[in-house]
Amino acid sequence: MKITFEDGNTLTFTSGDGGEVVENTADVINVTYWLWAFASPRVYSRFSRVPPREHVLRLLDIYIAYVKKGARVAAPQFQPVHYERRLALAIRLRELFERWTGPELAEEMMTISRALIEHEGIKAPACGWDAYEDPEADGIKFEDSLLWPEGVPAILKGQWPPKQSSR
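Residues numbered from 1 in each chain as written. Predicted model: local features only at pLDDT ≥ 70, side-chain atom pairs only at ≥ 80, totals over all residues. Heavy atoms only, no water.

Asks: How do you make sense of the overall build of the chain when you look at a structure like this?
Replies: Check the secondary structure of the chain and you find six helices and four strands. Among the 167 residues that make up the chain, the fraction classed as buried is 39%. In the chain, the share of contacts with a sequence separation of at least 24, taken over all contacts with a separation of at least 6, comes to 63%. For the chain, the exposed surface amounts to about 9700 Å²; the carbon and sulfur share of it is 53%. (Helix = DSSP H or I, 4+ residues; strand = E, 2+ residues; numbered from the N terminus. Buried < 20%, exposed > 50% of the residue type's maximum accessible area, 1.4 Å probe, protein only. Contact = heavy atoms within 4.5 Å. Areas by Shrake-Rupley, 256 points an atom, 1.4 Å probe, with all protein chains shown as cover.)

Asks: What am I meant to see in the environment of Ala90 here?
Replies: Note that Ala90 resides in helix H4 (residues 86-99). On the basis of relative accessible area, Ala90 is assigned to the buried category, the value being 0%. Placed 30 residues apart in sequence, Ala90 and Leu60 show a C-alpha to C-alpha distance of 7.1 Å. When residues no more than four places from it in sequence are discounted, the contact partners of Ala90 are Tyr63, Ile64 and Leu116.

Asks: Explain the environment of Ala115 here, please?
Replies: Within the secondary structure layout, Ala115 lies in helix H5 (residues 107-118). Residues Ala115 and Leu35, spaced 80 residues apart in sequence, show a C-alpha to C-alpha distance of 9.5 Å.

Asks: Would you mind showing me how to read the packing of helix H3 (residues 53-68) against H4 here?
Replies: Any two packed helices are characterised by how steeply their axes cross, that is the angle between the axes, and by the distance between the axes. H4 packs onto H3 with a crossing angle of 165 degrees between their chain directions and a minimal axis gap of 10 Å. Judged by the inter-axis angle, H3 sits roughly antiparallel to H4. Both H3 and H4 take part in a crossing whose hand is left-handed. Between H3 and H4, the residues in contact are Arg53, Val56, Leu57, Leu60, Asp61, Tyr63, Ile64, Tyr66, Val67 and Lys68 and Arg86, Leu87, Ala90, Ile91, Leu93, Arg94, Phe97 and Glu98, respectively. Classifying every residue of the contact of H3 with H4 gives twelve nonpolar, no polar and six charged. (Axes fitted to C-alpha atoms, helices over the stretch in contact; angles between N-to-C directions. Parallel < 35°, antiparallel > 145°, perpendicular 65-115°, else oblique. Left-handed = near helix turned anticlockwise from the far one by under 90°. Nonpolar A, V, L, I, M, F, W, Y, C, P; charged D, E, K, R; others polar.)

Asks: Mind showing me how you'd approach unusual backbone geometry here?
Replies: It is generally the case that most residues other than glycine have a negative phi and that most peptide bonds are trans. Cis peptide bonds are those with omega within 30 degrees of zero, and the linkage from Gln79 to Pro80 qualifies with -10 degrees. Inspection of the secondary structure puts Pro80 in the loop between H3 and H4. Along the chain, Gly102 connects to Pro103 via a cis peptide bond; the corresponding omega equals -5 degrees. Along the polypeptide, Pro103 turns up in the loop between H4 and H5.

Asks: Honestly, the pattern of salt bridges in this entry has me stumped. Any pointers?
Replies: Pairing between side chains of opposite charge can happen when their charged atoms approach one another. What the rule picks out here adds up to twelve salt bridges. Its salt-bridge partner being Arg42, residue Glu133 comes within 2.4 Å of it at the nearest N-O pair. Of this pair, Glu133 sits in the loop between H5 and strand S3 (136-137) while Arg42 sits in helix H2 (residues 41-45); the two residues are 91 residues apart in sequence, bridging distant segments of the chain. Of the charged contacts, one joins Arg94 and Glu98 as a salt bridge, the two residues approaching to 2.2 Å between their closest N and O atoms. (Salt bridge = Lys/Arg side-chain N within 4 Å of Asp/Glu carboxyl O.)

Asks: Mind showing me how you'd approach H4 here?
Replies: Each α-helix turn comprises 3.6 residues. Residues three or four places apart therefore point the same way. The end-to-end C-alpha separation of H4 is 20 Å, in line with the 20 Å expected for 14 residues at 1.5 Å each. Three or more residues of H4 are buried, namely Arg86, Ala90, Leu93, Arg94, Leu96 and Phe97. The arc enclosing the buried residues of H4, seen along the axis, measures out at 160 degrees, which places them on a common side. Among the exposed residues of H4, those oriented more than 90 degrees off its buried face are Ala88 and Arg99. (Expected span 1.5 Å × (residues − 1). Arc of directions from axis to C-beta.)

Asks: What am I meant to see in H3 here?
Replies: In a regular helix each residue adds 1.5 Å, so 16 residues correspond to 22 Å; H3 covers 22 Å between its end C-alpha atoms and thus fits that length. When we look at burial in H3, the residues that qualify are His55, Val56, Leu57, Leu59, Leu60, Ile62, Tyr63, Ile64, Tyr66 and Val67. Buried residues along H3 sit against helix H1 (25-39), H4 and H5. Directly after H3, the chain includes Gly70, whose backbone phi takes a positive value near 75 degrees.

If you want it as structure tokens, here you go:
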């Protein structure tokens, strides 16, 4: 994926090893944010709405395609990372969401979401998943920073990007 900024500079996303260019990078990052929400019962329980099942399935399909390529979007925060475990877990999570009627998440959905985050090389919160609270940054709720079918609410509401202070 290649992004060109207004000033003409470019940013190209590649796999973690610097090889193959990763497509749908923004969607993969958005899937990771959703996994974080599904892994955190206190965060998910405070959402004001339930994500549409079809939306979650679409994001999981993108994630599964990304995993099948062996791609990585971020440098790992620890070693070793068991990237090879992602595919089976992602497929199982998709199967669970195919039958999901919401709003509650099954324990297995939370467990798999946590494992997928770990197998992306991302550390769990220091306080643990069950104690993790809804992070609010610059007045933006976690729920509003996620990709929903209509877009990212924080962007749609003009809350992001944060306004720079004029000094």
